[in-house]
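Residue-level structural notes
Below, each chain spelled out in residue letters.
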Amino acid sequence: MPYIFLSAAIALELVATTLLKYSEGYTKPLPTVLCIAMYTVCFFFLSKSLQHINLGIAYATWSGVGIIATTLISIFIFRQGTNAVTILGMIFVILGCVIMNIFGGASH
């Protein structure tokens with residue numbers, strides 16, 4: 001169940017971050033309100049996952065998956081470019097998350 005909570009937190013963070021882009025600096029009311037609501041619920045689920053997953057592991061997974069998915073959203077939805085260095089960085093993030101989850105003691 002803790003990883004379901006973490007997955008929900010990640011998904012909601014991705015929705016919130018996408019809405020952050022659509023809010024255009026909090027100048028559009030609907031995306032702004034939805035963004036804030038999604039971040040609030042995201043942190044609720046993240047806090048629930050922390051009851052059973054070490055903070056470092058949960059945060060690394062949450063932020064690492066978020067970085068990768070947000071980059072993919074920026075490429076495919078917002079048509080923002082990327083380069084080889086960005087892709088290499090994404091590979092390092094993935095490797096770091098995998099290493100931390102395998103060897104970092106995923107639960108306390």
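Residues numbered from 1 in each chain as written. Predicted model: local features only at pLDDT ≥ 70, side-chain atom pairs only at ≥ 80, totals over all residues. Heavy atoms only, no water.

Now for the overall build of the protein. When helices and strands are counted, the protein shows four helices and zero strands. Along the protein, helices (α) and strands (β) appear in the sequence α-α-α-α when read from the amino end. For the C-alpha atoms alone, the extent of the protein along its principal axes is close to 40 × 35 × 15 Å. Relative to its 108 residues, the protein shows a buried fraction of 32%. Summarising the internal contacts of the protein: among those between residues at least 6 apart in sequence, 70% fall at separations of at least 24. Working note: accessible area of the protein is about 6600 Å², and carbon and sulfur atoms make up 76% of it. (Helix = DSSP H or I, 4+ residues; strand = E, 2+ residues; numbered from the N terminus. Buried < 20%, exposed > 50% of the residue type's maximum accessible area, 1.4 Å probe, protein only. Contact = heavy atoms within 4.5 Å. Areas by Shrake-Rupley, 256 points an atom, 1.4 Å probe, with all protein chains shown as cover.)

Moving on, we get to the packing of aromatic side chains. Given two aromatic rings, one states the distance between the centres and the angle between the planes to describe the pair. Taken as a whole and judged by the stated rule, the model has five aromatic pairs. Taken together through their ring pairs, the aromatic side chains of Phe5, Phe44 and Phe45 make up a single cluster. The ring of Phe78 has Lys21 sitting right over it, with the charged end atom 5.7 Å from the ring centre. (Phe/Tyr/Trp six-rings, centres within 6.5 Å; stacked < 30°, edge-to-face > 60°. Lys NZ or Arg CZ within 6 Å of the ring centre and 35° of its normal.)

Glancing now at the packing of helix 3 (residues 55-76) against helix 4 (residues 84-103). In a packed pair of helices, the relevant descriptors are the angle between the two axes and the axis-to-axis distance. Running from N to C, helix 3 and helix 4 point in directions that differ by 155 degrees, and their axes come no closer than 9 Å. By the angle between their axes, helix 3 is roughly antiparallel relative to helix 4. As helix 3 packs across helix 4, the resulting crossing turns out to be left-handed. From helix 3, Gly56, Ile57, Ala60, Thr61, Gly64, Ile68, Thr71 and Leu72 reach across to helix 4, where they touch Thr86, Met90, Val93, Ile94, Cys97, Met100 and Asn101. (Axes fitted to C-alpha atoms, helices over the stretch in contact; angles between N-to-C directions. Parallel < 35°, antiparallel > 145°, perpendicular 65-115°, else oblique. Left-handed = near helix turned anticlockwise from the far one by under 90°.)

This next bit is on the nonpolar core. Ranked by internal contacts, the top residues of the largest apolar core, which has 13 residues, are Leu6 and Trp62. Mapped by element, the contributors of at least two residues to this core are helix 1 (2-22), helix 2 (29-49) and helix 3. (Core = buried A, V, L, I, M, F, W, Y, C linked by side-chain atoms within 4.5 Å.)

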